[in-house]
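Notes for the structure review
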Amino acid sequence: MVEFARLDRLPPYVFAQVTEIKMQARRRGEDVIDLGMGNPDMGTPDHVVDKLVEAVRKSHNHRYSASMGITKLRHAIAAWYQRRYDVAIDPDREAIVTIGVKEGMSHLVLVTIRPGDVVFTPTPTYPIHPYSAIIAGGDVRGVPVGPGQDFFENLMNAVRQSWPRPKLLIISYPHNPTTEVVDLDFFQRVVDFAKEHKIMVIHDFAYADLVFDGYQAPSFLQAKGAKDVGVEFFSMSKSYNMAGWRVGFCVGNPEIIFALRRIKSYLDYGIFQPIQIAAIIALNGPQECVGEIVDTYRSRRDTLITGLNRAGWDVPSPKGTMFVWAKIPPKYSHMGSVEFSKFLINEAQVAVSPGLGFGEYGDEYVRFALIENNMRINQAIRGIRKVM
């Protein structure tokens, strides 16, 4: 057998077990409601699609693009940050377009750490946060987050117990999967910590717009001195329903941006140019579509939370993301998240994501993704009520 050293360091993919159970049920003809993968089900706004179609019909847009992103898109990114967060971004030195956040983060971690470097990531968290470091040869230490956890106390404990000293901290708020949100003071403490310990920060801001109940998510770059220590990634996937388009960007510290720009120049020729042109329209155009998307997720959240609570499953209502993070009911807590997820598929015809797939501290939870309409969510509630 051929050995692949980097693959050997990757743990078994927990979600694959649940996916297989779901597919078996569907092959039996069962109508399984899939609230597992966070894959937006709504279409991209019409004015963005129309611009894509227009740009595709121009043959000069079919050529190789630029790995750092076209100039007009980087200027649109800078203008968006100025409008939204009053943060000045130099479009030539402090912004780069990425093929979604996963690609950008993976390549940034690859170019900024060496084998053996220590990387701090939350646990539980979105899998690419620790896996990007593992693929790059780093040593990952999880910092527990979620209900009842003190992030900064856990962060200091991780520093005291780590050698060599950490090179990188990856964070993401609003947080997937725990749905936790933070204020600007939190980011200021992160910046101060990073300066004190000479550590680089990457903030994944994928759910910047998906916030509810009057909460507004701050940008990491709004904290004083944030550009001295780190960068922030944003994805067009959630705010504009452009998940399959694979377009995002990274902004912040110019030296870190240069490192990502340099490695990408060896690896790709950038995103298909019509997609970048359409992304400009999304950022610069009318933003009512974003509000409509948020309203849809809010309605789905309310339907799911109300239904779960009426079924006897006490779950708090999140202020951000497109997810609900639900602690497994006491009656079923002995199962752990993987077996409980299988149980919900087989007995309630509802698929969710097992918390263990996001890290060891997630095994008491499952994650619901708000990717079905209210009618289907109510159908899922009826199935859950039956087994509860």
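Residues numbered from 1 in each chain as written. Predicted model: local features only at pLDDT ≥ 70, side-chain atom pairs only at ≥ 80, totals over all residues. Heavy atoms only, no water.

Regarding the overall build of the protein
Selection criterion: A run of H or I in DSSP counts as a helix once it spans at least four residues, and a run of E counts as a strand once it spans at least two, with each numbered from the N terminus. For this measure, only C-alpha atoms enter the radius of gyration; the expected value for a globule follows 2.2 Å times N^0.38, where N is the number of residues. A 1.4 Å probe rolled over the protein chains alone gives each residue an accessible area, and that area as a share of the maximum for its type sets the label: buried under 20%, exposed over 50%, partly exposed in between. For this analysis, residues touch if any pair of their heavy atoms sits within 4.5 Å. Residues scored as positive are Lys and Arg, those scored as negative are Asp and Glu, and His as well as the terminal groups of each chain are ignored. Charge positions come from single atoms, namely NZ of Lys, CZ of Arg, CG of Asp or CD of Glu.
Summing up its helical and strand segments, the protein has 15 helices and twelve strands in all. Since a compact globule built from 388 residues should have a radius of gyration of about 21 Å, the 21 Å found for the protein is in line with a globular shape. For the protein, the spread of C-alpha atoms along the principal axes amounts to about 55 × 55 × 55 Å. In the protein, which comprises 388 residues, the share counted as buried stands at 57%. If you take every contact in the protein between residues at least 6 apart in sequence, the share linking residues at least 24 apart comes to 76%. Here the protein holds 44 positive side-chain charges and 42 negative ones, and the gap between their average locations is 3 Å.

Section: helix α4 (residues 71-85)
Quick note on the threshold: By this rule, a helix spans an expected 1.5 Å times one less than how many residues it contains.
For α4, which comprises 15 residues, the first-to-last C-alpha distance of 21 Å matches the rise-based estimate of 21 Å (1.5 Å per residue) to within 8%. The elements touched by buried residues of α4 are β2 (95-98), β7 (230-235), β8 (248-252) and α12 (273-284). Looking one or two places after α4, you find Asp86, whose phi comes out positive at around 55°.

Overview of the environment of Val49
With respect to the helices, strands and loops of the structure, Val49 is situated in helix α3 (residues 46-56). Sequence-wise, Val49 and Ile275 are 226 residues apart; in three dimensions their C-alpha atoms are separated by 9.2 Å. The contacts of Val49, once residues within four sequence positions are left out, are Thr44 and Trp245.

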